[in-house]
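Architecture and fold: a report
Next come the chains, spelled out residue by residue.
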Amino acid sequence: GAGVSQSPSNKVTEKGKDVELRCDPISGHTALYWYRQSLGQGLEFLIYFQGNSAPDKSGLPSDRFSAERTGGSVSTLTIQRTQQEDSAVYLCASNLQRGANNEQFFGPGTRLTVL
Amino acid sequence: SQQGEEDPQALSIQEGENATMNCSYKTSINNLQWYRQNSGRGLVHLILIRSNEREKHSGRLRVTLDTSKKSSSLLITASRAADTASYFCATDLLGGKLTFGKGITLSVRP
């Protein structure tokens with residue numbers, strides 16, 4: 001079956017512009033996660049959606065970052081007024097449910113470059 | 001600070017040798033997972049070990065968990081050039097989200 005997909009695969013933008021990154025999770029997966037990976041670093045948690053519960057936004061680095069998940073499926077991560085330090089690979093993952101000891105399935109990521 | 005920290009940061013071995021990678025973490029966990037990443041893009045899940053397990057095998061992979069020392073190790077036996085990648089440990093604190101280390105770069109020379 002289809003895995004997690006993300007678009008675009010690469011995004012180059014100018015400082016100060018807004019960007020939207022999209023994630024299509026695996027069908028039926030109720031949990032969706034966004035992570036950020038800066039060059040040569042590990043993954044930094046950003047936000048987590050689980051079903052209809054309020055999202056866990058504890059990892060968002062500033063109020064310029066926001067995310068929504070429509071209809072319990074597709075998610076969009078929005079970065080407003082981008083800064084050069086926002087340049088990173090943004091990874092989305094999904095799995096079946098919270099606390100089920102399930103692995104997370106990752107998409108290929110969106111490489112964001114802010115000039 | 002990172003919950004999980006891998007050791008060593010980089011490892012270079014000859015094809016056919018075994019590769020051992022270590023991970024230490026700071027707080028109690030629900031489970032610990034190892035992932036592989038090729039070319040800085042999507043991660044692939046390798047193996048998960050629950051907090052009440054001590055050792056687990058999957059093919060050429062063997063993972064151990066010592067909760068008293070808050071540490072885990074991943075052993076790849078009979079390594080292949082295709083095992084060249086970055087390896088990450090990630091801890092699940094029963095909140096759903098994973099906390100990752102900075103990763104280990106493994107190079108397997110043919």
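These notes cover the structure that comes with them.

Regarding the sheet that holds strand 1 (residues 5-7) of chain B
Residues and elements named next belong to chain B. Taken together, five strands build an open sheet; the order of strands is 1-3-8-7-6 and the sheet is antiparallel. Only two strands of the sheet have a single neighbouring strand rather than two, namely strand 1 and strand 6 (55-58). Between one strand axis and the next, the sheet turns through 20 degrees on average, direction left out of account. For strand 6 and strand 7 (residues 61-66), the ladder comprises four bridges, and the chain directions are antiparallel. Within strand 7, the residue paired with Ser58 across the bridge is Leu61.

What about the interface of chain B and chain A?
Counting from both sides, the interface comprises 21 residues of chain B and, opposite them, 27 residues of chain A. When the two sides are added together, the surface that chain B and chain A hide from each other amounts to roughly 1,800 Å², 46% of it contributed by carbon and sulfur. Our enumeration of links across chain B and chain A arrives at one salt bridge. With its nearest N and O atoms 3.5 Å apart, the salt bridge here joins Asp56 of chain A to Lys97 of chain B. Taken together, the elements giving at least two residues each to the side of chain B that touches chain A come down to strand 4 (31-37), strand 5 (43-50) and strand 10 (98-100) of chain B.

A few points about the packing of aromatic side chains
All chains considered together, the criterion is met by nine aromatic pairs over all chains. Ring geometry for Tyr35 of chain A versus Phe106 of chain A: centroids 5.6 Å apart, planes at 40 degrees, classification tilted. Of the two residues, Tyr35 of chain A is situated in strand 4 (residues 31-37) and Phe106 of chain A in strand 9 (residues 105-106); the sequence distance between them amounts to 71 residues. There is no split in this pair, since Tyr35 of chain A and Phe106 of chain A are both buried. Seen from their ring centres, Phe106 of chain A and Tyr35 of chain B are 5.6 Å apart, and the 80 degrees between their planes marks the pair as edge-to-face. Here Phe106 of chain A is found in strand 9, whereas its partner Tyr35 of chain B is found in strand 4 on a different chain. In this pair, the class of Phe106 of chain A matches that of Tyr35 of chain B, namely buried. Connected via pairs of aromatic rings, a cluster forms that spans Tyr33, Tyr35, Phe45, Tyr48 and Phe106 of chain A together with Tyr35, Phe88 and Phe100 of chain B.

Observations regarding the environment of Gln41 of chain A
Mapped onto the secondary structure, Gln41 of chain A falls in the loop between strand 4 and strand 5 (43-50). The class for Gln41 of chain A is partly exposed, based on a relative accessible area of 32%. Once the C-alpha coordinates of Gln41 of chain A and Ala88 of chain A are considered, the two residues, 47 residues apart in sequence, prove to be 9.8 Å apart. Excluding residues that lie within four positions of it along the chain, Gln41 of chain A makes contacts with Phe88 and Lys102 of chain B.

Here is what the cut-offs are and how they apply
Residues numbered from 1 in each chain as written. Chains lettered and ligands numbered in written order. Predicted model: local features only at pLDDT ≥ 70, side-chain atom pairs only at ≥ 80, totals over all residues. Heavy atoms only, no water. Pairing = 2+ DSSP bridges. Helix = DSSP H or I, 4+ residues; strand = E, 2+ residues; numbered from the N terminus. Axes fitted to C-alpha atoms, helices over the stretch in contact; angles between N-to-C directions. Contact = heavy atoms within 4.5 Å. Buried area = accessible area lost by both parts, 1.4 Å probe. Salt bridge = Lys/Arg side-chain N within 4 Å of Asp/Glu carboxyl O. Phe/Tyr/Trp six-rings, centres within 6.5 Å; stacked < 30°, edge-to-face > 60°. Buried < 20%, exposed > 50% of the residue type's maximum accessible area, 1.4 Å probe, protein only.

By themselves, these observations are geometric and do not establish any function.
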